[in-house]
Amino acid sequence: MVTLNVNGRTVDIDASPDTPLLWALRENLQLVGTRYGCGLGACGACTVHVDGEATFACMALIGDLEGSEITTIEGLSGEGDHPLQRAWIAEQTPQCGYCQSGQIMRAAALLARTPQPSREEIVEEMSINLCRCATYGNPVFGGILFTAGSAAVEGYYPILRQAGAQVRQALILTAAAHWSVPREEVTTREGAVIHEASNRSMRYGEVAALPVPVSDVREVAPENLKPREEWRIVGTDLQRLDIPAKTVGAALYSIDVTLPDMLTAVQLLAPVEGETPTLNSDAAARAVDGVVDVVVLNHSVAVLATNFTSALAGRDALDVTWSETSPFRSADSDGELAALAEAADDFDQDAIIWEDQGDAEAALSESGTVITSRYTTEHVYHAQMEPLNAVASVDDDGLGAEVWLGTQSQTVSIAVASAVLGTTPDRIRLNLMEMGGAFGRRTAFARDLLRDTLLLSRSAGRPVKLIWTREDDVKNGWLRPATVHRMDAVMGSDGTLTAMRHRVASPSILEFLFPNRWDPDTRRDGLIMEGTERSDYDIPDFRTEHVLMPRQSRLGAWRSIGWGPNMFARECFVDELAAAAGSDPVAYRRRLLAQSPRALNVFNTAVEMSDFGNAPEGRAHGLAFAGYKATLGTGVAEVSYENEQLRVHRFWAAIDPGVVIHPQGYRAQVEGGILFGLSSVLRERTSFTGGQIDQNNYYDYEPIRMPDIPELEVTLIESGNPPSGGGEIGVPMTAPAVANAVRELTAATPQRLPFPGVET
């Protein structure tokens, strides 16, 4: 028994003195606002105050803290009204919110000792904490519940507008019938149905509660929806309802769920994909206090215990031998990159045509001068702040379950659960939880992790929470695949771009991630090839093709999917073509965009915002025109080299998303995308040797932190087009804009992500 002072209260904790404070808070005291992110003090999500000092709760042992005053996010202020919490709400700061408890606690400690900190002091202190955000049937996905690829607004906007209009008609008709007045005399305003002639009104909820609601209403045609000039909510910055809970540690993620009689499970996972375990002995594991059971699955051995730390200790005590028959034992990321480069240049290699306009092949073969460049992007990992986890409680008959999960697809998750239990979807009760970051990581992951959680719960006959450690999450990452791009172009005597071929060598994401959607005959993979299209550039002869290579790792969709790598290659190449034509990058792109007024307007806006080409001495500007599906954008980067390290000082972005639903939220999404893109430029890279990922945790896979963040300026342009997403568009413009700025500064174009030699 250890006695602690937590949030001004003396508490007795029935746990070993060497238990990390993090797990004593979360499991013994149910103070779950202190988050698990890495387990070794590398991310700051678990920051608390110990005697007023910001402290990593994952690294502090409770036996060392008797007599200390411990404050968690729940105890920072009595009513959640600390000045920082008020500021976080006023500025609508959180996105996924998972790291915000730690961010606020560290900032509060800084202000307590330095009430008026300088910007440099803030940056230095807050650089310790990591923020990955740097902030549902969906028709786009064939009617299933799925949010990914910035498709939620695009898919739901027309449907929800129409549904809202029809519900409004039902409310009006119901109220009119109740009041016995003509329907034409009834209107709605600010959540109420109103009959002005009699000065009567009812709130929507009151109308819905009437004994005989009118539900038989005509379908409202799109042309009869409320015109733009009458909108009162769309396009305004209403405060998000989720943010207050995220500032006080009250937002619940699946990792926070606690159920009666629940067990916590961890897994000893296969070191290489496809290997299977042989359990030699679990005696030492079962001897660990708190361990309840050990279960062998086809790709892992799971330890179930009454708490997380006991489960980990039990896992460490297992004696397991792994098979050595997986073909991925020979997988090597450097070897894959070499094979991709060779395939991109091998025109005897079969290639799947993605887009073919005019006759680029003839133009390239007949021209005496073909300009060729090659670009490479390496594997990257999602690095979302909340490691993968799931909670399941299987019914007594084994044919139903209740599930708690943060997922990007309810449909996929329910389908997986019903398949695992051999039941029907109506037997699965899914509690959709907050997600501590996703970025593509929480799309099809239920296929493995939720499956295992259900199997373990059925085996134990009790609810089970399965948690992957950060190391598990990294080592078993579903990576954005490496790509190699060969770009070929022909220009006329006046420098006009007349023909281009964009050839991408890469394995397929779709074949691995969604095999049910993979067509082995056409072999078309939009998750790789989207973004290679000619789109708004006027190029008479144009061809893009995919050289499909075998995968050597697990693959997944990563923020911006194919658009990020493809825009990096294309926009860097366009700058090279401009130089070869004796033109500047602005004038050259204006010629290419001359037939697309909407695109040209976005481009010119970014040029004007940044005063492009007039960078301060010692710095340089670079730009990139980059769309994401229906969203158009242009980014401008301002860079320099400081102490031989690349520094991005400022970044401007002009975005046309059609209609903007929530401007403040949209800007936050764009800014987060820009910083995601910048992180892939400066640092992020995953490698693997012998089928095993080389990285482990945030100390050797480290996204950018506060000192790396440039000044950001985002301008949104409303063109009146249908709304399109904002979560991805910031990524594809960033790397090429930074690369082109480096080219302007040094006369050398970086052709690989991350840029060699610029890790900070």
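Residues numbered from 1 in each chain as written. Predicted model: local features only at pLDDT ≥ 70, side-chain atom pairs only at ≥ 80, totals over all residues. Heavy atoms only, no water.

(A) Region of interest: the overall build of the chain. Helix and strand counts for the chain stand at 21 helices and 29 strands. Relative to the 2.2 N^0.38 estimate, which gives 27 Å for 760 residues, the radius of gyration of the chain is 28 Å and therefore close to what a compact globule would have. The dimensions of the chain, computed from C-alpha atoms along their principal axes, are 85 × 80 × 60 Å. Surface exposure of the chain reaches about 29900 Å², of which carbon and sulfur atoms provide 49%. Of the charged side chains in the chain, 62 are positive and 101 negative; the average position of the first set lies 4 Å away from that of the second. (Helix = DSSP H or I, 4+ residues; strand = E, 2+ residues; numbered from the N terminus. Rg over C-alpha atoms; globule rule 2.2 N^0.38 Å. Areas by Shrake-Rupley, 256 points an atom, 1.4 Å probe, with all protein chains shown as cover. Lys, Arg positive; Asp, Glu negative; His and termini not counted. Charge placed at Lys NZ, Arg CZ, Asp CG, Glu CD.)

(B) Region of the structure containing the sheet that holds strand β8 (residues 200–203). Taken together, the 3 strands give an open sheet; going across it, the order is β6-β7-β8, and neighbouring strands pair in antiparallel fashion. Because the sheet does not close on itself, it has two edges, and the strands there are β6 (186–189) and β8. Pairs of neighbouring strands in the sheet enclose a mean axial angle of 25 degrees, with direction left out of account. Strand direction decides the pairing type here: strand β7 (residues 192–195) and β8, joined by 4 bridges, are antiparallel. Bridging across to β8, Val193 finds its partner in Met202. (Pairing = 2+ DSSP bridges. Axes fitted to C-alpha atoms, helices over the stretch in contact; angles between N-to-C directions.)

(C) The nonpolar core, seen in detail. In this structure, Leu497, Ile655, Val738 and Phe755 are the most contacted members of the largest nonpolar core, which totals 83 residues. When residues in this core are grouped by element, the largest group, 9 residues, is from helix α17 (residues 563–580). If we skip the residues at most four places from it in the chain, Leu497 touches Ala489, Val490, Met491, Asp538, Ile539, Pro540, Leu577, Tyr588 and Leu592. Within the second largest apolar cluster, 65 residues are counted, among which are Cys43, Val291, Phe308 and Ile693. (Core = buried A, V, L, I, M, F, W, Y, C linked by side-chain atoms within 4.5 Å. Buried < 20%, exposed > 50% of the residue type's maximum accessible area, 1.4 Å probe, protein only. Contact = heavy atoms within 4.5 Å.)

(D) How the structure looks around the packing of helix α2 (residues 83–90) against helix α3 (residues 100–113). At a closest axis distance of 10 Å, the pairing of α2 and α3 adopts a crossing angle of 130 degrees. Here α3 runs oblique to α2, going by the angle between their axes. The element α2 and its partner α3 pack so that their crossing is right-handed. Only Gln100, Gln103, Ile104, Ala107, Ala108 and Leu111 of α3 make contact with α2, whose side of the interface consists of Leu84, Gln85 and Trp88. Across the contact of α2 with α3, the residue classes tally to 6 nonpolar, 3 polar and no charged. (Parallel < 35°, antiparallel > 145°, perpendicular 65-115°, else oblique. Left-handed = near helix turned anticlockwise from the far one by under 90°. Nonpolar A, V, L, I, M, F, W, Y, C, P; charged D, E, K, R; others polar.)

(E) Quick peek at unusual backbone geometry. Residue Leu753 is joined to Pro754 through a cis peptide bond whose omega torsion reads -5 degrees. Within the element layout of this structure, Pro754 appears in the segment after β29 (752–753). Here Ser180, not a glycine, exhibits a phi torsion of approximately 55 degrees, which is positive. Even without a glycine there, the phi angle at Arg523 is positive, about 55 degrees. Relative to the helices and strands, Arg523 is located in the loop between α15 (509–513) and α16 (526–529). Arg523 sits in the partly exposed class, given a relative accessible area of 26%.

(F) Molecular detail of the side chain of Asp395. By the element assignment, Asp395 lies in the loop between β16 (389–394) and β17 (401–405). Engagement of the side chain of Asp395 in a polar contact is seen with the side chain of Arg429, the distance being 2.9 Å. (Polar contact = N/O pair within 3.5 Å; in protein donor to acceptor, adjacent residues only side chain to side chain.)

(G) Inspection of the packing of α3 against helix α4 (residues 119–126) at higher detail. Contact geometry of α3 with α4 gives a least axis separation of 10 Å together with a crossing angle of 140 degrees. Accordingly, the angle class assigned to the pair α3 and α4 is oblique. The interaxial crossing formed by α3 with α4 has right-handed handedness. Residue-level inspection shows Gln103, Arg106, Ala107, Leu110 and Arg113 of α3 in contact with α4, the latter providing Glu121, Ile122, Glu125 and Met126.

(H) Region of the structure containing the pairing of strand β21 (residues 497–506). Within β21, 9 of the 10 residues are buried, leaving the element largely enclosed by the surrounding structure. Sheet topology places strand β20 (residues 483–491) next to β21; 8 bridges connect them, and they run antiparallel. Each residue of the ladder has a partner; that of Met487, found in β21, is His502. The antiparallel hairpin formed by β20 and β21 contains 5 residues in its connecting segment, where Gly495 sits at a positive phi of about 90 degrees. Here β21 runs beside strand β22 (residues 541–548); their pairing, made up of 8 bridges, is parallel. Note on β22: the bridge partner recorded for Arg503 is Glu545.

(I) Structural view of the packing of aromatic side chains. Counted according to the given criterion, the structure contains 11 aromatic pairs. Relative to Phe676, the ring of Phe439 has its centre 4.7 Å away and its plane inclined at 50 degrees; by these criteria the two rings are tilted. In this pair, Phe439 is assigned in the loop between β18 (428–432) and α13 (449–460) and Phe676 in helix α20 (residues 663–682), connecting sequence segments 237 residues apart. Assigned by exposure class, Phe439 and Phe676 land together as buried. A centroid spacing of 5.0 Å and a plane angle of 55 degrees characterise the contact between Trp558 and Phe676, whose relative ring orientation is tilted. Of this pair, Trp558 sits in the loop between β22 and α17 while Phe676 sits in helix α20, placing them 118 residues apart in sequence. By relative accessible area, Trp558 is classed as buried at 1%. Given a relative accessible area of 1%, Phe676 falls into the buried group. Grouping aromatic residues by their ring pairs yields a cluster made of Trp23, Tyr36 and Phe308. Residue placement shows Arg524 over the ring face of Trp354; its charged tip is 3.9 Å from the ring centre. (Phe/Tyr/Trp six-rings, centres within 6.5 Å; stacked < 30°, edge-to-face > 60°. Lys NZ or Arg CZ within 6 Å of the ring centre and 35° of its normal.)

(J) The arrangement of the pattern of salt bridges in detail. If you walk through the whole model with that rule in mind, you get 46 salt bridges. For Arg570, the salt bridge goes to Glu571, with nearest N and O atoms at 3.0 Å. Note on accessibility: Arg570 and Glu571 belong to one class, buried. In this structure, a network of salt bridges that share partners links the residues Asp345, Asp356, Glu361, Arg374, Arg486, Asp488, Arg501, Arg503, Arg543 and Glu545. (Salt bridge = Lys/Arg side-chain N within 4 Å of Asp/Glu carboxyl O.)

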